[in-house]
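# Notes for the structure review
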Amino acid sequence: MFRNLARSGNRLATASTRRTQRLYSTAPPKSSSGPTFPAMLAVASMGFAAYYTIVKSREGKTMPRRKETTTYEEEEALKQKRIAEAKAKKEQKQTKAIPAFSPEEVTVVFVLGGPGAGKGTQCENLTKDYGFVHLSAGDLLRAEQKREGSKYGELINNYIREGLIVPMEVTIALLEQAMNEAIAQGKEKRFLIDGFPRKMDQAVKFEEVVVPSKLVLFFECPEEVMLKRLLKRGESSGRVDDNIESIKKRFRVFIETSMPVIEAFEKDNKVKKISCDQPVEQVYQGVKTIFDEMFAEKK
Ligand code: UP5
Ligand code: MG
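Bear in mind that the values here come from a model prediction, so they are computed numbers and not experimental data.

### Structural notes on the UniProt feature "binding site: a ribonucleoside 5'-phosphate" (unreviewed entry) in the chain
If you check UniProt for "binding site: a ribonucleoside 5'-phosphate" (unreviewed entry), the listed places come out as Arg 142, Leu 164, Ile 165, Val 166, Gly 195, Phe 196, Pro 197, Arg 198, Gln 202, Arg 239 and Arg 250 in our numbering. Here Arg 198 shows up in the loop between strand S3 (190–194) and helix H8 (200–209). Relative to the helices and strands, Gln 202 resides in helix H8.

Structure, rendered in structure tokens:
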């Protein structure tokens, strides 16, 4: 048994010696002639040229950031988000509103001015003389408020009493419906839209979905004059907003919300101003001058 052990020990020792010699050979390396100096210089120059080109091409650019590692769920969520964004963009393009009428076919004049400036009064005259259809946004809202079964009745009443602007969807729908009805009855396709738009979003939406306006008549009037007229009218009008509290609120909304609409139209050179602090007939002469100039041929 000892002999066997010794023999196997010798075998192991021999194998170990062989392995050692093979792995850690002390034999001198084969001699090599090595690169020449010009070759080394050429390689160094090429390296420098490549480095210079890369540095120059990255000038002004930020260093690319190492891609952050994301989980499968994160990547999937990102993918879904991109798909949803692309879909929304496509839908937005497809649903871009086309105006119901073309401005060549239908003429719209917006009649704007503070509460009691005389918009309604002047529109009555223009209707007779120039064949325009007069649509007062306030009158349409009041009619809708009184209409039996209207789901907006209470809402409209509250907004008007507070001098606030009724959500535009309601007003624009009423105006468009009234325009369609007038056209169906064979009336002139020329409309005085009185007291509308009184807020920027209304102006943009109406021109986008109904028709772009041709002209904006702006009736300028001092507040104290308008107040006097409205209080006088309030004695018999029955309007829920012809009282001092509501009138003050209407004045404030006009300055804060409606004046910016007029200013925006002014930038488009669409506004004609008329001073209204004169008797009705005198104001009308000013209005007539503008209409004769713009619409005389269709009179
Ligand atoms: N009058 C007129 N001109 C005169 C003159 N030159 N000299 C002396 N007197 C004159 O006139 C008012 C009074 O003044 C009358 O008695 C008239 O005889 C006399 P009128 O022609 O009625 O003035 P108008 O500018 O039309 O005044 P109105 O009260 O109608 O103006 P508002 O703009 O306040 O009212 P509207 O009906 O348009 O709106 C009422 C409310 O509806 C708003 O406050 C708002 O709550 C709501 N609304 C919306 O929410 N969205 C809309 O788009 C429109 C209205
Ligand atoms: Mg009016």
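### Looking at the pairing of S3
Among the five residues in S3, four count as buried, and that is most of the element. With five bridges connecting them, strand S1 (residues 107–113) and S3 associate as parallel partners. Bridge pairing in S3 links Thr 107 to Arg 190. Pairing analysis gives four bridges linking strand S2 (residues 133–136) to S3, with the strands arranged parallel. Its bridge partner lying in S3, Leu 135 is registered against Ile 193.

### Re the pairing of strand S4 (residues 215–220)
Relative to S4, S1 is paired through five bridges, and the arrangement is parallel. In the strand pairing of S4, Val 111 is matched with Leu 217. Note: S4 against strand S5 (residues 271–275), five bridges, orientation parallel. If you follow Phe 219 over to S5, its bridge partner there is Ile 274.

### Examining the site of ligand 1
Taken together, 30 residues lie near ligand 1, and Pro 115, Gly 118, Gly 120, Gly 138 and Gly 195 sit nearest. Looking at the shell around ligand 1, the elements that each hand over two or more residues are helix H4 (119–130), helix H5 (137–146), helix H6 (153–161), helix H9 (223–234) and helix H11 (280–295).

### Quick notes on the sheet that holds S4
Pairing within the open sheet is parallel, and its five strands lie in the order S2-S3-S1-S4-S5. Both edges of this open sheet fall to S2 and S5, since each of them pairs with a single strand only. Each strand axis lies, on average, 20 degrees off the axis of its neighbour in the sheet, ignoring direction. Of the strands in this sheet, S1, S2, S3 and S4 are in contact with H4, which crosses S3 at around 170 degrees.

### Some details on H5
Of all the positions in H5, only Ala 137, Leu 140, Leu 141 and Glu 144 are classed as buried. Buried residues in H5, looked at end-on, bunch into an arc of 100 degrees, giving them a common side. The elements touched by buried residues of H5 are S2, H6, helix H7 (168–184) and S3.

What counts as what
- Residues numbered from 1 in each chain as written.
- Chains lettered and ligands numbered in written order.
- Predicted model: local features only at pLDDT ≥ 70, side-chain atom pairs only at ≥ 80, totals over all residues.
- UniProt positions renumbered as here; feature names shortened; annotations may be inferred.
- Helix = DSSP H or I, 4+ residues; strand = E, 2+ residues; numbered from the N terminus.
- Buried ≥ 20, exposed ≤ 12 C-beta atoms within 10 Å, placed from the backbone.
- Pairing = 2+ DSSP bridges.
- Near = placed C-beta within 6 Å.
- Axes fitted to C-alpha atoms, helices over the stretch in contact; angles between N-to-C directions.
- Contact = placed C-beta atoms within 7 Å.
- Arc of directions from axis to C-beta.

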